[in-house]
Amino acid sequence: MAFVLPDLPYAKDAFGDILSVETFDFHHGKHHNAYVVKANELVAADASLQGKSLVELIKLAKGGLFNQVGQIWNHTFYWQSLSPTKTAPTGELLAKIEDAFGSVDALIEKLKAEAVGHFASGWAALVLKDGKLEVTSYHDADTPVAHEGHAPLLIVDVWEHAYYIDYRNLRPSYADRILKEAINWDFAALNLDGEGADRADQPG
Ligand code: MN3
């Protein structure tokens, strides 16, 4: 079975000027789709790779295939990390944020610094490690799924293609608006169960 481009979990016009329809047309319809097409070509050409789930392939693949399957997972998880309606951390997630960072605002500033400071292309992330929240980033197509013990709660795409249409070269403006207005904290809270990797997986 071939991997598919998952539908967006909201309408393309749901974010207004935070993320435009044109951004979704390119980022989901072209960039994310290209990773799916290329991964399927590579898997079709090698019988030993067939029948493995996306997460299984991320864990065993190297080089070109790793980049494609890592990016399918990362984008699928990123779309779910965003919400067109404003949410806020509550309950256990809020307690863990206050324990690790002092406040939600302090966490957002730390995520913004990670997103802005990551050199070139990659992903800023909030992960659960040994029961504690941590802000980190992954380079290019690297993904929390490839790192033992990194349970992903949310990720933010900092590749230029994620923001160039709406923010041109201004990654800080993109990161600021996404982090303050469009994070799906309910999704992040769900992922405290450690099963986040499965929420962007696909069967092989
Ligand atoms: Mn991207």
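Residues numbered from 1 in each chain as written. Predicted model: local features only at pLDDT ≥ 70, side-chain atom pairs only at ≥ 80, totals over all residues. Heavy atoms only, no water.

The name that an unreviewed UniProt entry assigns to the protein is Superoxide dismutase, with the source organism given as Sphingobium cupriresistens. Per UniProt, the protein carries the Catalytic activity (unreviewed entry) text "2 superoxide + 2 H(+) = H2O2 + O2". According to UniProt, the comment filed for the protein under the heading Sequence similarities (unreviewed entry) is "Belongs to the iron/manganese superoxide dismutase family." (UniProt positions renumbered as here; feature names shortened; annotations may be inferred.)

Counting its regular elements, the protein contains 8 helices and 3 strands. Along the protein, helices and strands appear, N-terminal first, in the series α-α-α-α-α-β-β-β-α-α-α. Referenced to the eigenvectors of the C-alpha coordinate spread, the extents of the protein come out at roughly 50 × 40 × 30 Å. Expressed as a percentage of its 204 residues, the buried residues of the protein come to 50%. Expressed as a percentage of contacts within the protein between residues at least 6 apart in sequence, the contacts between residues at least 24 apart total 69%. When the accessible area of the protein is evaluated, it comes to approximately 9,200 Å², of which 51% is carbon and sulfur surface. Counting 17 positive and 29 negative side-chain charges, the protein places the averaged centre of each group 3 Å from the other. (Helix = DSSP H or I, 4+ residues; strand = E, 2+ residues; numbered from the N terminus. Buried < 20%, exposed > 50% of the residue type's maximum accessible area, 1.4 Å probe, protein only. Contact = heavy atoms within 4.5 Å. Areas by Shrake-Rupley, 256 points an atom, 1.4 Å probe, with all protein chains shown as cover. Lys, Arg positive; Asp, Glu negative; His and termini not counted. Charge placed at Lys NZ, Arg CZ, Asp CG, Glu CD.)

In this section: the sheet that holds strand 1 (residues 122-129). Spatially, 3 strands are ordered 2-1-3 in an open sheet, and the strand pairing comes out antiparallel. Looking at strand neighbours, the two that pair on one side only are strand 2 (132-139) and strand 3 (151-157), the edges of this open sheet. Strand-to-strand twist across the sheet, computed as the mean angle between neighbouring axes with direction ignored, equals 20 degrees. Where strand 1 lies against strand 3, 6 bridges are found, and the strand directions are antiparallel. The partner of A124 across the bridge, within strand 3, is V156. (Pairing = 2+ DSSP bridges. Axes fitted to C-alpha atoms, helices over the stretch in contact; angles between N-to-C directions.)

A few words now on the UniProt feature "domain: Manganese/iron superoxide dismutase N-terminal" (unreviewed entry) in the protein. Under the UniProt annotation, "domain: Manganese/iron superoxide dismutase N-terminal" (unreviewed entry) lies at residues 3-83. With 62% helix and 0% strand, the stretch residues 3-83 has end C-alpha atoms that lie 24 Å from each other.

Moving on, we come to the coordination of the manganese ion. At this site the manganese ion is bound by H27 (NE2), H75 (NE2), D157 (OD) and H161 (NE2), with donor distances of 1.9 to 2.2 Å. All donors to the manganese ion come from one chain, and their sequence spacing reads H-x47-H-x81-D-x3-H. Here the residue H75 occupies a position in helix 3 (residues 63-81), and D157 occupies one in strand 3, the gap between them amounting to 82 residues. Owing to a relative accessible area of 0%, H75 belongs among the buried residues under this scheme. A residue is classified by how much of its surface remains accessible, and D157, at 0% relative accessible area, is buried. (Donors = N, O, S within 2.8 Å, 3.2 Å for Na, K, Ca; no water.)

Moving on to the pattern of salt bridges. Overall, the coordinates contain 8 salt bridges when judged by the stated rule. Across the pair K12 and D25 runs a salt bridge whose closest N-O atoms are separated by 2.5 Å. With a gap of 13 residues between them, K12 in the segment before helix 1 (21-44) and D25 in helix 1 connect regions that are remote in the sequence. Here K12 falls in the partly exposed class, since its relative accessible area comes to 37%. (Salt bridge = Lys/Arg side-chain N within 4 Å of Asp/Glu carboxyl O.)

This model, assessed by the stated rule, comprises 10 aromatic pairs. Residues W73 and F77 carry aromatic rings whose centres are separated by 4.6 Å and whose planes lie at 15 degrees to one another, so their mutual orientation is stacked. In this pair, W73 and F77 are both assigned in helix 3, 4 residues apart and thus about one turn of the helix distant. Note on accessibility: W73 and F77 belong to one class, buried. Following the ring pairs from residue to residue traces out a cluster consisting of Y10, F15, F24, Y78, W79 and W123. (Phe/Tyr/Trp six-rings, centres within 6.5 Å; stacked < 30°, edge-to-face > 60°.)

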